[in-house]
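A look at the structure
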Amino acid sequence: MRNFYYKLLSPLFFLYIFSGCNLLDEKVYSELTTDTYLTTAEGKLSVLYSAYGNAQFRNYYYFFTSGMCSGETWNEFGAIEADFTPLSNFTWDSNHTFFNEAWVNAYAVIRDANIVLANTDTDGSDEQLRAEAHFLRGFAYWFLHDWYGALPLYTSPDDPLQLPRSSEQEIINFIEEELSAAAAVLPVSQEDYGRATKGAALGILTNLYLNTRQWKKVVTTTQQIIDLEKYELIASYSDVFSIENEGNNELLWVIAATPQTGHSIVAITFPTDYPVLSNQTTYAARVYLFDEFVNSFAESDSRKDLIITSYTNTSEEFIQLLGNDRSLSGKYEFDRDALGAEQGNDIPVIRYADILLSRAEALNELNGPVSEAVELVNAVRLRAGIHSFSPGEFTQESFRDAIFRERTWEFYYEQKSRSDQIRQGTFIKNAQVRNTRAQDFHILFPIPLQELDANPLLEQNAGY
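Keep in mind the model is a prediction, meaning the values are calculated, not measured. (Residues numbered from 1 in each chain as written. Predicted model: local features only at pLDDT ≥ 70, side-chain atom pairs only at ≥ 80, totals over all residues. Heavy atoms only, no water.)

So, on to the layout of surface pockets. Considering only enclosed or pocket space, the largest pocket measures out at about 810 Å³ in volume. Residue lining of the largest pocket: 25 residues in total, with E292, F293, T408, Q421 and N430 positioned closest to the centre. Elements supplying a minimum of two residues to the lining of the largest pocket: α9 (291–294), α12 (396–410), α13 (417–424) and α14 (427–433). Broken down by element, the lining of the largest pocket gets its largest block of residues, 6 residues, from α12. Each residue belonging to the lining of the largest pocket can be placed in one class, and the counts come to 7 nonpolar, 9 polar and 9 charged. (1 Å grid on protein atoms, 1.4 Å probe; cavity = no way out; pocket = protein on both sides within 12 Å on 5 of 7 lines; lining within 4 Å. Points joined across faces, edges and corners; volume = space filled by probe spheres on them. Helix = DSSP H or I, 4+ residues; strand = E, 2+ residues; numbered from the N terminus. Nonpolar A, V, L, I, M, F, W, Y, C, P; charged D, E, K, R; others polar.)

Right, dumping it as structure tokens:
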């Protein structure tokens, strides 16, 4: 997919006779309307590509919100500190920039998907196009639901602009229907890189079931993914994230990027005195990992090898990071083709390790630490180079804790820590231990103030 652009060029020129202000008559040779442009394959595809472009959340809100409020990461320096600090301290409000951007971007995906679905046939001729639109709409609502809970449910371009929030269960059911419909039609592989596949739809659906604790459905969808025989744990953990290895068989769905349509996750992670190539840039802001987390890895754990604990700066000074709560995630490498701060690393959203650990968690919740569940976790640990578990060493509760620890090590810097802690019931408790202002209502973010102002039918989340 790499680059999807949606351009609507509909210039309207009004020419006035200065003396009389009369509108000149113009012969219209062509006109783009929903009755013309959206009846063509090109027109419908361009709107679908717009939805894809809006769904590539190459933004600070996607890369850093989860880690900042879960205690996975912290920030200092740079103008972005004004946005990060409220997330770390639980002092955010409904006017936070990240909440505004996330809402607008996700609903732009929904708008585009609705246009596609309203202008494609249901007779089977546009079947895959419709399936991709259903996936993108389901993906956007999945993301919004994770942040805000119940939402206004827009399913048609003709819906009123002002709608109240649907119920929590209605939103969950709708996301399930969207992703299930997409998975039933989408191919296992796409010729165009970055377009939705059956595995992508089942992967997002699995995460929905996981975070809503629908354990039997998690078992079902993860088995469907396994049965596709497309995905695997690739041998090297670092290769999962390598630019040269993009599109590898561990990745079900990613935030796709190139230097031309990139992100600055690397630039905002590393300090300005870190040695880089002449075409690469770092910002004043930087994002750190805590010592407690870095030291929690087993010595032989290869996942720890992607954490930068010291470096020699551009002035040939040795900088010790570990021991000062300032270790850096090197999970996403510097792009040799970077355009300044813009990097082309794809960022995983769902990968096969997540499917295996999600299945293990569901099996444990249903049946306790059965052999299959333990072996699924062992597969992830074996790839990391650490010792295997035995089924007999766990109770259901202790194995639940072991799975969450494994997820912490496996998915750092992958935007999963907040939802994992909420599911585990530790999100608020952990934040309070860190002396933040966290309260129970903070498991959801506030509806953005600009949306409340624009839609009087919206009600704010409790506590805000």
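Now for α12. Taking 1.5 Å of rise per residue, the 15 residues of α12 would be expected to cover 21 Å, and the 21 Å separating its terminal C-alpha atoms lies within 8% of that figure. For α12, the full list of buried residues reads F399, A402, I403, F404, E406, R407, W409 and E410. (Expected span 1.5 Å × (residues − 1). Buried < 20%, exposed > 50% of the residue type's maximum accessible area, 1.4 Å probe, protein only.)

The next point concerns the environment of I307. Relative to the assigned elements, I307 resides in strand β4 (residues 307–308). For the pair I307 and D93, spaced 214 residues apart in the sequence, the C-alpha separation amounts to 32 Å. Residues within four places of I307 in sequence aside, it is in contact with L289, F293, V294, F297, S327, L328, G330 and Y412. (Contact = heavy atoms within 4.5 Å.)

With 18 residues, helix α6 (residues 168–185) should cover 26 Å at 1.5 Å per step; its first-to-last C-alpha distance of 27 Å lies within 8% of that length. Burial in α6 covers these residues: I171, I172, F174, I175, E176, E178, L179, A182 and A183. For α6, the secondary structure elements touched by its buried residues are α5 (127–148), α7 (198–211) and α8 (215–227).

At a closest axis distance of 10 Å, the pairing of helix α1 (residues 41–55) and α5 adopts a crossing angle of 25°. By the angle between their directions, the pair α1 and α5 is classed as roughly parallel. Like other packed secondary-structure pairs, α1 and α5 cross with a definite hand, here left-handed. Residues K44, L45, L48, A51, Y52 and A55 of α1 form the contact with α5, whose own contacting residues are L129, E132, A133, L136 and F139. Tallied by class, residues from the contact of α1 with α5 come to 9 nonpolar, no polar and 2 charged. (Axes fitted to C-alpha atoms, helices over the stretch in contact; angles between N-to-C directions. Parallel < 35°, antiparallel > 145°, perpendicular 65-115°, else oblique. Left-handed = near helix turned anticlockwise from the far one by under 90°.)

So, about the environment of P369. Within the secondary structure layout, P369 lies in the loop between α10 (352–367) and α11 (371–384). Judged by relative accessible area, which is 18%, P369 ranks as buried. Not counting residues within four places of it along the chain, the set of residues in contact with P369 comprises N364, V374, P391, F394, T395, Q396 and F399.

By secondary structure assignment, the location of T269 is in the loop between β2 (251–255) and β3 (286–289). At a separation of 2.6 Å, a polar atom in the side chain of T269 contacts the main-chain carbonyl oxygen of I265. Not counting residues up to four positions away in its chain, the partners in contact with T269 are R286, V287, L328, S329 and Y413. (Polar contact = N/O pair within 3.5 Å; in protein donor to acceptor, adjacent residues only side chain to side chain.)

In this structure the tally under the stated criterion is 47 aromatic pairs. Centre to centre, the rings of F143 and W147 are 5.1 Å apart; their planes meet at 40°, and the pair counts as tilted. Of this pair, F143 and W147 both sit in helix α5, 4 residues apart, roughly one helical turn. Overall, F143 belongs to the buried group, its relative accessible area being 4%. Taking NZ or CZ as reference, R326 lies 5.5 Å from the ring centre of Y288, over its face. (Phe/Tyr/Trp six-rings, centres within 6.5 Å; stacked < 30°, edge-to-face > 60°. Lys NZ or Arg CZ within 6 Å of the ring centre and 35° of its normal.)

What follows deals with the pairing of strand β1 (residues 73–76). Covered by surrounding structure in β1 are T73 and N75 together with W74 and E76, the residues of both alternating faces. Looking at chain direction, β1 and β3 are connected through 4 bridges and run antiparallel. Bridge pairing links W74 to Y288 in β3. (Pairing = 2+ DSSP bridges.)

What follows concerns unusual backbone geometry. Residue F90 is not a glycine yet carries a positive backbone phi of 60°. The topology assignment puts F90 in the loop between α3 (81–89) and α4 (97–118). For F90, a relative accessible area of 2% translates into the label buried. A positive phi angle, close to 65°, is found at N435, a residue other than glycine. Counting through the fold element by element, N435 comes out in the loop between α14 and α15 (449–454). Here N435 falls in the exposed class, since its relative accessible area comes to 71%.

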